[in-house]
Amino acid sequence: MLLVADDIHKTFPLPSGGAQAVLSGVSLALAPGETLALTGESGSGKSTLLHLLAGLDRPDSGSVTLGGAPLSTLPDAARAEARRTRIGLVFQQFNLIPSLDVAANLAFQARLAGRHDEGWCATLAERLGLAPHLSAWPETLSGGQQQRLAIGRALAAKPPLILADEPTGNLDEENAATVLALMLELAAETGAALVTVTHSATVAAAMSRRLHLSRGKLA
Amino acid sequence: MTRAALHALLSHWRRHPGQLATLLLGIAIATALFSAVQAINAEARASYAASEATLSPDAPDHLTSPAGRIPMQTFLALRAAGWQVSPVWEGETPEGLTVQGYDFLTLPMGSLPDLAPTLAQMPPSALITLPPPQWAAPESLAAAPQATPAPGLAPGLLVTTIDGAMALAPSGAITHLLVAPDAAQPLTRPPLAEVAPTLTRSRPQGGAEIARLTRSFHLNLTAFGLLSFAVGLFIAHGAIGLAFEQRRPMFRTLRALGLSTRLLAALTLAELTAFALVAGTLGLALGHVTAAALLPDVSASLRGLYGAALPGQLAFRPSWAATGLAIALAGTLAAGAGALLALARLPILASAKPRAWARASTRSLALQAAAGAALAAVGAAAVPLIGGLPGGFALLGGLLLGAALALPALLAALLAAAQHLARRPLAQWLWADARQQLPGLRLALMALLLALATNIGVGTMVSSFRLTFTGFLDQRLVSELYVTARSEDEATRLRAFLDTRPEVQATLPIWHVDVPMADQGAGELYGVADHPTYRDNWPLLSVTPGAWDRLATGDAVMINEQLARRAALGPGDTLQLAPDWQPEIVATYSDYGNPGPQAIVSVPALTRHFPDVPKLRHGIRVAPDDIPTLTAAITDDFGLPATALVPNAEIKAYSLAIFERTFAVTAALNALTLGVAALAILTAMLTLSTMRLPQIAPVWAMGTTRARLASLEALRTLALAAFTALFALPLGLALAWALLAVVNTEAFGWRLPMFLFPGQWALLFATALAAAALACFWPVLKLRRTQPATFLKTFASER
Ligand SMILES: Nc1ncnc2c1ncn2[C@@H]1O[C@H](COP(=O)(O)OP(=O)(O)OP(=O)(O)O)[C@@H](O)[C@H]1O
Ligand SMILES: [Mg+2]
């Protein structure tokens with residue numbers, strides 16, 4: 001298995017003083033190249049789970065293993081390294097780096113990971129329709145272009161795992177369809193597994209597996 | 001509705017008390033430094049005006065003799081004839097203090113402005129009890145342990161009763177008599193020419209004259225005050241900008257809920273006004289305290305440089321407070337103008353490209369730089385066009401403002417080059433990100449540039465001054481030992497005695513009379529012996545061939561730089577020294593630290609034209625190793641008291657003490673400005689840190705640790721400070737040149753050579769880095785400790 005989450009619990013303190021259990025015993029396993037849709041009500045903890053899978057945060061109990069090695073129990077620096085080299089992240093807000101131009105944004109994570117491949121980046125730019133905009137600033141791109149750039153950034157290092165949090169949530173229907181198709185296509189080409197948090201039935205239907213999060217548990 | 005809106009607006013400050021504190025602090029500091037300088041200037045102006053107003057009826061005239069000392073018989077004869085005069089005994093203590101003894105029972109009103117507040121609190125009987133009371137400046141107390149501190153007095157001066165002075169400095173003399181105002185004099189007294197024909201009556205320097213002389217000094221202070229004010233406003237600007245950014249959504253909501261832009265702007269304006277008044281009042285209090293702390297040094301400086309006296313206590317002036325508050329208000333509104341303008345133009349709907357504003361367009365940077373260059377050019381043109389002190393200050397202002405305006409463009413170019421050269425992705429991001437931060441940090445960096453440049457400029461000026469002055473003292477105080485006889489008779493015997501001593505290489509007379517010189521008031525006319533001591537060491541500036549030989553023949557004179565500049569005299573001109581004596585000027589020499597004119601002629605020429613010149617003081621050339629033997633011989637064998645002998649080291653130390661105090665104020669203001677600049681960086685960084693989270697978060701998510709990000713943040717701030725320091729160096733040197741060559745020449749009457757102090761530059765870089773490190777320490781620590789949840793929030797929702 002590429003990614004295994006075992007009995008994950010996560011509780012957040014409430015401002016009133018009590019605690020809110022968001023995840024209470026979540027387990028899942030993902031094979032290499034598999035695609036998975038994560039659905040659930042707003043506030044059900046989808047983003048929280050995705051952040052734990054990415055090693056951005058730690059569970060209160062339970063563990064996350066990536067490629068057979070523990071992830072959630074690692075110290076800060078080691079988790080950072082795992083994110084850098086083995087995980088691609090795509091967010092609803094795109095979260096591009098405003099001080100770097102499109103080309104630099106596209107290659108950024110691959111260069112951080114030490115796996116920069118110019119040919120692959122050029123292919124990505126071409127396939128994502130970004131080739132004419134390589135020297136533009138990110139905020140001059142349309143929403144769809146920005147999200148395609150974010151996907152390209154996540155794929156540039158060819159990571160085995162891509163985690164996306166409502167990647168099409170900010171896009172109109174037509175753009176959403178294009179972006180989703182490109183993401184699936186490129187993930188399949190690089191052999192990356194994909195976890196997508198989504199509210200959209202269309203997006204969920206495009207994945208090979210679907211899990212629903214409700215009351216802190218997966219179903 | 002208004003109340004509800006106001007409540008919503010003000011609720012922001014309740015949630016961000018630190019921000020409110022920063023804003024108030026910024027305005028308060030700006031007001032404090034500016035009004036401190038204004039308070040000192042107002043005190044000085046009032047004091048000059050008072051001395052001018054009281055001069056004719058109140059301030060006593062002086063009776064002086066060309067000989068420099070007045071025999072007791074002359075004084076007694078005047079008193080016997082009914083003249084209401086009061087003697088002043090002056091001399092030196094063995095510790096090198098100048099002693100002034102006054103006869104407090106006959107002292108005319110207004111004679112001792114520095115001591116007036118102290119004297120007013122003393123019962124009259126305290127002045128005639130034993131031991132006699134003594135007063136001295138606080139830093140002179142080590143040499144005068146019995147003295148009461150009197151902050152208005154110049155360092156090295158000890159004031160006491162006439163009995164006390166005669167005991168402390170027996171080799172001194174009655175140097176002048178203070179004349180009671182005519183109203184207090186008997187009508188029947190005989191004319192002065194009958195009783196004491198050798199004495200001349202003169203008025204002490206008037207307030208208007210002193211005001212003219214000290215104008216540049218006060219202009220200097222004002223310039224510093226304005227600089228600090230500007231730097232303080234940078235802080236206020238940062239805080240207001242941050243509050244605006246954070247309240248942007250609230251403004252939008254209020255607008256959407258039906259509040260007009262006008263009402264919103266009016267409410268914000270009212271809010272700023274209230275803050276300005278509160279912080280301004282705080283600033284006034286701080287300013288008063290600062291001014292009171294600086295006043296003794298200012299007073300001593302003015303006394304040492306110009307002989308002007310200020311009272312030791314600061315008065316509170318309502319007009320000063322009103323001006324201070326008005327300035328605080330104007331400054332706050334200026335600092336908030338940008339935010340108010342943005343508010344007036346705020347669209348109700350969030351703009352689609354929220355961060356486009358953050359990248360300063362290259363064009364606007366270039367425009368700003370061009371404006372800066374134009375300003376500097378205007379400043380440079382002002383020197384030949386306007387000339388004088390205003391021209392000098394126009395040059396300073398143009399240089400400083402122009403460089404500050406050009407700084408962002410220069411930094412942007414430097415950062416672009418660094419980004420271009422960087423190979424690693426994080427390094428590239430670091431420089432690109434620094435460039436993007438420029439608009440936010442711009443004002444703080446400009447403040448740092450100004451503070452650093454003034455530090456270099458003033459530091460170079462003071463160090464050049466110190467070096468020149470020390471070298472000058474070495475040249476002028478060549479004789480190893482100075483001896484003063486108690487009477488002419490003793491002096492004659494002393495000279496004969498010294499001639500017999502084998503270790504004495506030369507005995508050089510130091511004799512002088514005070515004569516009026518070229519409409520510049522009384523100057524000192526010294527006679528110098530024809531000796532290599534002078535030929536080899538005297539600090540000549542411009543000289544005609546064979547000047548020393550011509551001086552020795554008796555028909556030539558050398559004048560100091562002040563006299564040459566003020567009376568526009570030079571070699572080839574003549575100078576009237578007596579009704580029948582007008583020798584040619586053969587050279588000019590530097591004479592730092594002396595406020596008045598001075599000239600030297602040969603000893604025979606001096607004694608020929610002024611036969612009764614006191615011939616008491618002498619310099620002795622002797623090998624340093626022989627000084628103890630010689631001193632012992634003079635005190636023991638010859639019978640002169642040890643107090644009459646002063647090694648030149650002591651005189652140098654005394655002169656340097658006055659000098660150091662002169663620049664203590666400048667140094668204090670300098671340090672304050674640098675501190676405020678560091679504070680400006682801190683507030684700017686805090687402002688940016690909340691806005692920058694969305695830009696740092698993706699870099700963190702892609703696998704960069706917080707520790708790494710924090711060290712990069714520190715590195716970026718340090719790099720920006722270092723680059724700024726790099727630009728501050730040439731600017732500071734240009735500033736030093738302007739101060740030395742233009743401003744000081746106008747202000748003091750002498751021009752100093754400029755020296756370079758690379759050691760100071762290294763210190764400056766260290767200071768700039770330390771200031772930046774101090775300023776970024778907290779923001780960086782905050783970044784280092786950012787919870788993952790805080791980063792994650794930026795992914796989940798729009799800021
Ligand atoms: N850092 C935090 N501190 C406190 N509570 C948090 C924090 N992060 C998330 N929560 C809470 O955890 C719950 C789940 O949040 P999460 O963002 O994971 O939901 P979601 O399923 O992604 O919702 P949505 O579909 O709206 O994005 C929410 O009730 C939220 O308030
Ligand atoms: Mg979510």
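Anything mentioned here points back to the structure above.
Here's what I pulled together on the structure shown here. On a predicted model such as this, the values are computed, not experimentally measured, just so you know.

Considerations on the overall build of chain A
In step 1: Helix and strand content of chain A: seven helices and ten strands.
In step 2: By the burial criterion, 53% of the 219 residues in chain A qualify as buried.
In step 3: Partitioning the contacts of chain A with sequence separation of at least 6, the portion at a separation of at least 24 is 72%.
In step 4: Per element, the accessible surface of chain A, about 8,500 Å² overall, is 52% carbon and sulfur.

Points about the interface of chain B and chain A
In step 1: Counting from both sides, the interface comprises 32 residues of chain B and, opposite them, 24 residues of chain A.
In step 2: When chain B packs against chain A, close to 2,500 Å² is buried across both sides, 60% of that on carbon and sulfur atoms.
In step 3: Our enumeration of links across chain B and chain A arrives at six residue pairs in polar contact (both at pLDDT 80 or more).
In step 4: Looking at which element gives the most residues to the side of chain B that touches chain A, the answer is helix H12 (residues 425-476) of chain B, with seven residues.
In step 5: In the side of chain B that touches chain A, the residues fall into 15 nonpolar, nine polar and eight charged.

Here's the deal with the sheet that holds strand S9 (residues 209-214) of chain A
Within a beta sheet, neighbouring strands are joined by backbone hydrogen bonds and run either parallel or antiparallel to one another.
All names here are of chain A.
In step 1: Overall, mixed pairing links the six strands, which are arranged S6-S7-S8-S3-S9-S10 in an open sheet. The open sheet terminates on both sides in strands that have one partner only, identified here as strand S6 (87-90) and strand S10 (217-218).
In step 2: Contacts between helix H1 (residues 46-53) and the sheet are confined to strand S3 (35-40), S6, strand S7 (161-165), strand S8 (193-197) and S9, with S7 contributing the most and set at about 155° to the helix.

Details of the pairing of strand S14 (residues 556-560) of chain B
All names here are of chain B.
In step 1: Where burial is concerned, most of S14 is hidden: five out of the five residues are buried.
In step 2: Where S14 meets strand S15 (residues 584-589), five bridges bridge the pair, whose relative direction is parallel. Bridge pairing links Ala556 to Glu584 in S15.
In step 3: Taken together, S14, helix H16 (residues 561-566) and S15 constitute a β-α-β crossover, and its handedness is right-handed.
In step 4: Where S14 lies against strand S16 (residues 598-602), two bridges are found, and the strand directions are antiparallel. Bridging from a neighbouring strand, Ile559 pairs with Ala599 of S16.

Considering helix H6 (residues 173-190) of chain A
All names here are of chain A.
In step 1: Over its 18 residues, H6 runs 26 Å from end to end, which matches the ideal 26 Å to within 8%, given 1.5 Å per residue.
In step 2: If you check which residues of H6 are buried, you get Ala176, Val179, Leu180, Leu182, Met183, Leu184, Leu186 and Ala187.
In step 3: Against S3, helix H4 (118-127), helix H5 (143-155), S7, S8 and helix H7 (201-206) lie the buried residues of H6.
In step 4: Once H6 finishes, Gly191 follows within two positions and takes phi at roughly 75°, a positive value.

Concerning the packing of aromatic side chains
In step 1: Applying the stated criterion across every chain yields a total of six aromatic pairs over all chains.
In step 2: A centroid spacing of 4.7 Å and a plane angle of 20° characterise the contact between Trp700 of chain B and Phe791 of chain B, whose relative ring orientation is stacked. Separated by 91 residues along the polypeptide, Trp700 of chain B in helix H20 (residues 664-701) and Phe791 of chain B in helix H23 (residues 788-796) bring together distant segments of the chain. Phe791 of chain B carries the same exposure label as Trp700 of chain B, and that label is buried.
In step 3: One aromatic cluster is present, built from ring pairs that chain together Tyr534, Trp538 and Tyr589 of chain B.
In step 4: A cation over an aromatic ring shows up here: Arg83 of chain A above the ring of Trp700 of chain B, its NZ or CZ 4.8 Å from the ring centre.
In step 5: We note Arg716 of chain B situated over the ring of Trp429 of chain B; from NZ or CZ to the ring centre the distance is 5.4 Å.

Observations concerning the packing of H4 of chain A against H6 of chain A
Residues and elements named next belong to chain A.
In step 1: Two numbers describe how H4 lies on H6: the axes approach to 12 Å, and their chain directions differ by 155°. One finds that H4 runs roughly antiparallel with respect to H6. Crossing handedness for the pair H4 and H6: right-handed. From H4, Trp120, Leu124 and Arg127 reach across to H6, where they touch Leu182, Glu185, Leu186, Glu189 and Thr190.
In step 2: Split into classes, the residues belonging to the contact of H4 with H6 amount to four nonpolar, one polar and three charged.

Considering a nonpolar patch on the surface
In step 1: Together, Met72, Leu76 and Met166 of chain B give the surface a local cluster of nonpolar side chains, amounting to about 250 Å² of exposed area.
In step 2: Structurally, Met72 of chain B is set in helix H3 (residues 72-80).

Side note on the nonpolar core
In step 1: Membership of the largest hydrophobic core comes to 154 residues, with the highest contact counts inside it found for Phe108, Leu161 and Leu163 of chain A together with Trp429, Met558 and Ile600 of chain B.
In step 2: Sequence-distant contacts of Met558 of chain B, defined by excluding residues within four places in its chain, comprise Leu540, Ala547, Trp548, Leu551, Val586, Ala587, Tyr589, Gln598, Ala599 and Ile600 of chain B.
In step 3: Counting 39 residues, the second largest nonpolar core, distinct from the first, contains Ala107, Leu155, Ala156 and Val179 of chain A.

Some remarks on the site of ligand 1
In step 1: Around ligand 1, 14 residues are found, and the nearest of them are Ser42, Gly43, Lys46, Ser47 and Thr48 of chain A.
In step 2: Site remark: ligand 1 is flanked by residues from chains A and B.
In step 3: Contacts to ligand 1 include Ser42 of chain A, whose side-chain N or O atom sits 2.5 Å from an oxygen atom.
In step 4: The contact in question runs from an oxygen atom of ligand 1 to an N or O atom on the side chain of Ser47 of chain A, over 2.7 Å.
In step 5: When the free accessible area of ligand 1 is taken as 630 Å², the share hidden by the protein chains comes to 66%.
In step 6: Those elements that place two or more of their residues in the shell around ligand 1 are strand S2 (19-30) and H1 of chain A.
In step 7: Looking at the shell around ligand 1 element by element, the count peaks at three residues for H1 of chain A.

Some details on the pairing of strand S1 (residues 61-64) of chain B
All names here are of chain B.
In step 1: On S1, burial follows the alternation: Asp61 and Leu63 on one face are buried, whereas His62 and Thr64 on the facing-out side are not.
In step 2: As defined by bridge partners, S1 adjoins strand S7 (residues 173-179) across three bridges and the pair is classed as antiparallel. Across the sheet, the residue bridging to Leu63 is Leu177, located in S7.

Let's talk about the side chain of Arg501 of chain B
Residue and element names in this part refer to chain B.
In step 1: Mapped onto the elements of the fold, Arg501 is located in the loop between helix H13 (488-500) and strand S10 (504-509).
In step 2: Among the polar contacts made by the side chain of Arg501, one reaches the side chain of Glu503 at a distance of 2.8 Å.
In step 3: Setting aside its immediate chain neighbours within four residues, Arg501 contacts Leu630, Ala633 and Asp637.

Thoughts on the environment of Leu783 of chain B
Residues and elements named next belong to chain B.
In step 1: The residue Leu783 is located in helix H22 (residues 758-784) in this model.
In step 2: Overall, Leu783 belongs to the buried group, its relative accessible area being 8%.
In step 3: On a C-alpha basis, the gap between Leu783 and Leu709 in space is 7.7 Å, while along the polypeptide they are 74 residues apart.
In step 4: What Leu783 contacts, discounting residues up to four positions off in sequence, is Ile696, Arg706, Leu709, Ala710, Glu713 and Phe791.

Regarding the side chain of Ser86 of chain B
Residue and element names in this part refer to chain B.
In step 1: Here Ser86 lies in strand S2 (residues 85-92).
In step 2: Only 3.5 Å separates the side chain of Ser86 from the backbone oxygen of Asp103, close enough to count as a polar contact.
In step 3: Setting aside chain neighbours within four positions, we find Ser86 in contact with Asp103, Thr106, Leu107, Pro108, His176, Leu177 and Leu178.

Considerations on H3 of chain B
Residue and element names in this part refer to chain B.
In step 1: Residues of H3 that are buried: Thr74, Phe75 and Leu78. The buried side chains of H3 occupy one side of the element, clustering within an arc of 100° when seen end-on. The exposed residues of H3 that point more than 90 degrees off its buried face are Gln73 and Ala80.
In step 2: At its buried positions, H3 is contacted by S1, S2, S7 and helix H6 (192-195).
In step 3: At the C-terminal side of H3, Gly82 shows a positive phi close to 100°.

Cut-offs used in this document
- Here, residues in each chain are numbered from 1, in the same order as that chain's written sequence.
- Written order decides the labels, with chains lettered from A and ligands numbered from 1.
- Reporting in this predicted model follows two pLDDT cut-offs: at least 70 for local features of residues, and 80 or more for side-chain atom pairs to be given and counted; totals over whole chains, interfaces and linings ignore these cut-offs and use all residues.
- Where side-chain values are given, they derive from all heavy atoms of the structure, hydrogens and water being excluded.
- Numbering goes from the N terminus for both helices and strands, where a helix is a DSSP run of H or I of at least four residues and a strand is a run of E of at least two.
- Three labels apply to residues, based on accessible area from a 1.4 Å probe with only protein chains included: buried if under 20% of the type maximum, exposed if over 50%, partly exposed otherwise in between.
- By definition, residues are in contact when any of their heavy atoms lie within 4.5 Å.
- The Shrake-Rupley method, run with a 1.4 Å probe, gives the accessible areas here. Residue values count only the displayed protein chains as cover.
- Each of two parts loses accessible area, computed with a 1.4 Å probe, when they are put together; buried area is these two losses added.
- Pairing of N or O atoms within 3.5 Å defines a polar contact, subject to two protein rules: one partner must be a possible hydrogen donor and the other a possible acceptor, and residues neighboring in sequence count only if both atoms are side-chain atoms.
- Amino acids are sorted into nonpolar (Ala, Val, Leu, Ile, Met, Phe, Trp, Tyr, Cys and Pro), charged (Asp, Glu, Lys and Arg) and polar (every other residue, Gly among them).
- Pairs of strands are assigned from DSSP output, requiring at least two bridges between the strands.
- For every element, the axis is a line fit to its C-alpha atoms; helices are fit only across the contacting stretch, and the angle between N-to-C directions ranges from 0 to 180 degrees.
- For a crossover, the right-handed case is the one in which the path from the first strand over the helix to the second runs clockwise, viewed with the strands pointing away from the viewer.
- Given a helix with a known number of residues, its expected span is that number minus one, times 1.5 Å.
- Each Phe, Tyr or Trp ring (for Trp, its six-membered ring) is paired with any other whose centre lies within 6.5 Å, and the angle between the two planes then decides the class: stacked below 30 degrees, edge-to-face above 60, tilted in between.
- Two conditions define a charge sitting above a ring: the NZ of Lys or the CZ of Arg must be within 6 Å of the ring centre, and it must be within 35 degrees of the ring normal.
- Any angle between 65 and 115 degrees counts as roughly perpendicular, while under 35 counts as roughly parallel, over 145 as roughly antiparallel, and the rest as oblique.
- It is the rotation of the near helix from the far one that decides the hand of a crossing: anticlockwise by less than a right angle makes it left-handed, clockwise makes it right-handed.
- Note that patches include only residues with greater than 30% relative accessible area and no salt bridge, and the join distances are 9 Å for like charges and 5 Å for nonpolar side chains (Val, Leu, Ile, Met, Phe, Trp, Tyr).
- When a carboxyl oxygen of Asp or Glu lies within 4 Å of a side-chain nitrogen of Lys or Arg, that pair is called a salt bridge.
- Remark: nonpolar core denotes a set of buried residues (Ala, Val, Leu, Ile, Met, Phe, Trp, Tyr, Cys) joined through side-chain atoms within 4.5 Å.
- Distances are taken per atom, and a residue is near a molecule or strand as soon as one of its heavy atoms is within 4 Å of it.
- Taken from the helix axis, the directions to the C-beta atoms give the arc we talk about.

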